[in-house]
Amino acid sequence: MDKNQLKDYQTLIVDDEPDIRELLEITLSRMGIHTHSAEDIGSAKTLLEEYTFNLCLTDMRLPDGNGIDLVRYIQQHYPNIPSAVITAHGNMESAVEALKAGAFDFVSKPVDLNKLRNLISTALKVSAQDKAKDTPAPVYQLLGKSAAILQTRKTIEKLARSQAPVYVSGESGVGKELVARLIHESGPRRDKSFVPVNCGAIPSELMESEFFGHKKGSFTGASNDKAGLFQAADGGTLFLDEVADLPLAMQVKLLRSIQENSVRPIGESKEIPINVRILSATHKNLAALVESGDFRQDLFYRINVIELHVPGLRERPEDIPLLCEHLLRRIASQWQSNAPKLGPSAMKALQVYPFPGNVRELENILERAMTLCEGNIIQQEDLQLPQQSSSNNTTTAAYEDLSLDSSVENTERELIVKALEKTRYNKTAAAELLGISFRQLRYRIKKLGIE
């Protein structure tokens, strides 16, 4: 934000040390921001009554109380004012406590002015969003009208206003990455990159280079300088999916980068400052992995400042009709065909099925059902749901792997390619030649990755 945008913004500075107050006043003044200062909580409360503030910066130790007490007071009485705390160097426990209490962010002493300016700019974007009447809606949506999903959306909206690290928990297929994207898109970093990374998909020998980057010639094969994922997410959000799969050695390096807000590319002699919000997720029990020694407690403590649990689909069966309608439309759009409807028996079966694979499994079931149904109505038999135990209503069969055995897949791929070549890639003719419907052929082409 430039000075013209900041001229109408006011910040409350709360610190009992005159030198610190003066440093903060000068820094904000140079940014074009008006300030009012207080030396204790009582004076701060008086100023809060007299003026309209867009940000509060408070020290942790004050003569008449704790900065966290002021954070809680502002959260209760002035919830639209982002508050940030100034903590003692290395005191992460106080910083985490402040974030849990509702602080927007924190900065450690001695105050790094570049980090402070970044914090202020990001916090004031929150105020700007509150003022704006034409704030664009997020591109992605978390569909549903159940109480569980309404509460999740409400929490996302609250977390979007903060810079606190968020740990998104939940079973496979519930939409943890979608939730992380919504936190990013609903907050002040939305005009910067959202960088998702599957921690379990990166070979351990490449992890340091992938996360932190490298300099040309730093190791065999490093033919060019490469920016890492942290640098790609600078100013935005880095989403660490399946964070539990990080090896212990990488956990140490990741923790340091998160705490210091800097990275050192392989082969680089100095550290590069970064401004990244960390969101993370895994379907595993991270607390249990800490207990077993497979995940570092200090990293867990740092990324799990706030936990957001995403409910499983079985916890919100009333959302299934809306999800089915949306998913069928999306699949039909991809296939360039009309979206079928679900027959009453099919819908009833879906609403009592426990969905071990959650929304991802629902999408796979509907995609398969679209290939099997006759006409424009999906019947219960088209769903081919795994058998359920009648005694405890749990799934007796594991969540299906919808792909065929590799040898069968290869044979099927060869037959489809031959049929397409013979008909000069006329899919309607190729489907007739193979003795299957056009919809089934399109489904198999997509599943088998045939171009």
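Worth saying up front: this structure is predicted, and the values here are computed from it rather than measured. (Residues numbered from 1 in each chain as written. Predicted model: local features only at pLDDT ≥ 70, side-chain atom pairs only at ≥ 80, totals over all residues. Heavy atoms only, no water.)

Novice: Just to check I follow, could you spell out the overall build of the protein chain for this structure?
Specialist: Assigned secondary structure in the protein chain consists of 20 helices and 18 strands. With respect to the three principal axes, the spread of C-alpha positions in the protein chain is 85 × 55 × 50 Å. Residues classed as buried in the protein chain amount to 47% of the 451 residues present. Taking contacts inside the protein chain between residues at least 6 apart in sequence as the whole, the part at least 24 apart equals 70%. When the accessible surface of the protein chain is totalled, it reaches about 22,500 Å², and 48% of it is carbon and sulfur. (Helix = DSSP H or I, 4+ residues; strand = E, 2+ residues; numbered from the N terminus. Buried < 20%, exposed > 50% of the residue type's maximum accessible area, 1.4 Å probe, protein only. Contact = heavy atoms within 4.5 Å. Areas by Shrake-Rupley, 256 points an atom, 1.4 Å probe, with all protein chains shown as cover.)

Novice: What exactly am I supposed to notice about helix α8 (residues 176-185) here?
Specialist: Given 3.6 residues per turn, any residue in an α-helix points the same way as the ones three and four places further on. Counting buried positions along α8 yields seven of 10 residues, so the element is predominantly enclosed. Summarising the contacts, the buried residues of α8 are in contact with α7 (147-160), β8 (166-169), β9 (194-198), β12 (237-241), β15 (277-282) and β16 (306-309).

Novice: How should the sheet that holds strand β1 (residues 10-14) be read in this particular structure?
Specialist: Each strand in a sheet pairs with another by means of backbone hydrogen bonds, the pair being arranged parallel or else antiparallel. Spatially, the five strands line up as an open sheet ordered β2-β1-β3-β6-β7, and their pairing is parallel. Single-partner strands in this sheet number two, and they are β2 (34-38) and β7 (105-108). Direction aside, the axes of adjacent strands within the sheet are offset by 20 degrees on average. Sheet analysis places strand β6 (residues 83-87) next to β7, joined by four bridges and oriented parallel. Across the sheet, the residue bridging to Ala 84 is Asp 105, located in β7. Seen against the sheet, helix α4 (residues 67-77) touches β1, β3 (55-59) and β6 and runs at an angle of roughly 160 degrees to β3. (Pairing = 2+ DSSP bridges. Axes fitted to C-alpha atoms, helices over the stretch in contact; angles between N-to-C directions.)

Novice: Teacher, can you tell me more about the pattern of salt bridges here?
Specialist: When their charged atoms lie close together, side chains carrying opposite charge are able to pair. In total, this model carries 17 salt bridges according to the counting rule given. Of the charged contacts in the structure, one is a salt bridge between Glu 208 and Lys 253, with a shortest N-O distance of 2.9 Å. Taken together, the residues Glu 208 in helix α9 (residues 207-212) and Lys 253 in helix α11 (residues 248-260) connect sequence positions 45 residues apart. Assessed through its relative accessible area of 26%, Glu 208 is described here as partly exposed. Of the charged contacts in the structure, one is a salt bridge between Glu 210 and Lys 226, with a shortest N-O distance of 2.5 Å. In this pair, Glu 210 sits in helix α9 while Lys 226 sits in strand β11 (residues 226-227), placing the two residues 16 residues apart along the sequence. (Salt bridge = Lys/Arg side-chain N within 4 Å of Asp/Glu carboxyl O.)

Novice: What exactly am I supposed to notice about α11 here?
Specialist: Over its 13 residues, α11 extends 19 Å from the first C-alpha to the last, a length consistent with the 18 Å expected when each residue adds 1.5 Å. Of the residues making up α11, those classed as buried are Met 250, Gln 251, Leu 254, Leu 255, Ser 257 and Ile 258. Buried residues along α11 cover an arc of 165 degrees about the axis, so they all sit on one side. Looking at the packing, one finds that the buried side of α11 touches α9, α10 (229-232), β12, β13 (262-263), β15 and α13 (297-303). Of the residues trailing α11, Asn 261 is marked for its positive phi of about 55 degrees. (Expected span 1.5 Å × (residues − 1). Arc of directions from axis to C-beta.)

Novice: I'm lost on the layout of surface pockets in this one. Help?
Specialist: Vacant regions in the atomic arrangement are exposed by a probe of water-molecule size rolled over the atoms. In this structure, the largest pocket occupies an estimated 850 Å³ of space. For the largest pocket, the lining is made up of 34 residues, of which Phe 106, Lys 115, Gln 259, Glu 260 and Asn 261 are closest to its centre. Counting residues per element, the ones that place at least two in the lining of the largest pocket are α5 (92-101), β7, α6 (113-131), α11 and β15. Of all the elements, α6 adds the most residues to the lining of the largest pocket, at five residues. Split into classes, the residues belonging to the lining of the largest pocket amount to 14 nonpolar, 11 polar and nine charged. Within this model, the second largest pocket holds a volume of roughly 670 Å³. A breakdown of the residues in the lining of the second largest pocket according to their chemical character gives nine nonpolar, five polar and nine charged. (1 Å grid on protein atoms, 1.4 Å probe; cavity = no way out; pocket = protein on both sides within 12 Å on 5 of 7 lines; lining within 4 Å. Points joined across faces, edges and corners; volume = space filled by probe spheres on them. Nonpolar A, V, L, I, M, F, W, Y, C, P; charged D, E, K, R; others polar.)

Novice: For this particular structure, what's the right way to read the confidence of the model for the protein chain?
Specialist: Any residue range with low pLDDT should be treated as having predicted coordinates unsuitable for detailed reading. Per-residue pLDDT for the protein chain averages 88, and the proportion of residues at 70 or more is 91%. β12 holds the highest mean pLDDT among the elements of the protein chain, 97, whereas helix α1 (residues 3-6) holds the lowest, 60. Low confidence marks residues 389-405, where pLDDT is under 50. Its contacts with residues over four positions away, or in another chain, come to 29 contacts. (pLDDT = per-residue confidence, 0-100.)

Novice: Please clarify how the environment of His 34 should be interpreted in this entry.
Specialist: Summarising the element assignment, His 34 is placed in strand β2. When its relative accessible area of 44% is taken as the criterion, His 34 is described as partly exposed. Taking the C-alpha atoms as reference, His 34 lies 16 Å from Ala 128; in sequence the two are 94 residues apart.

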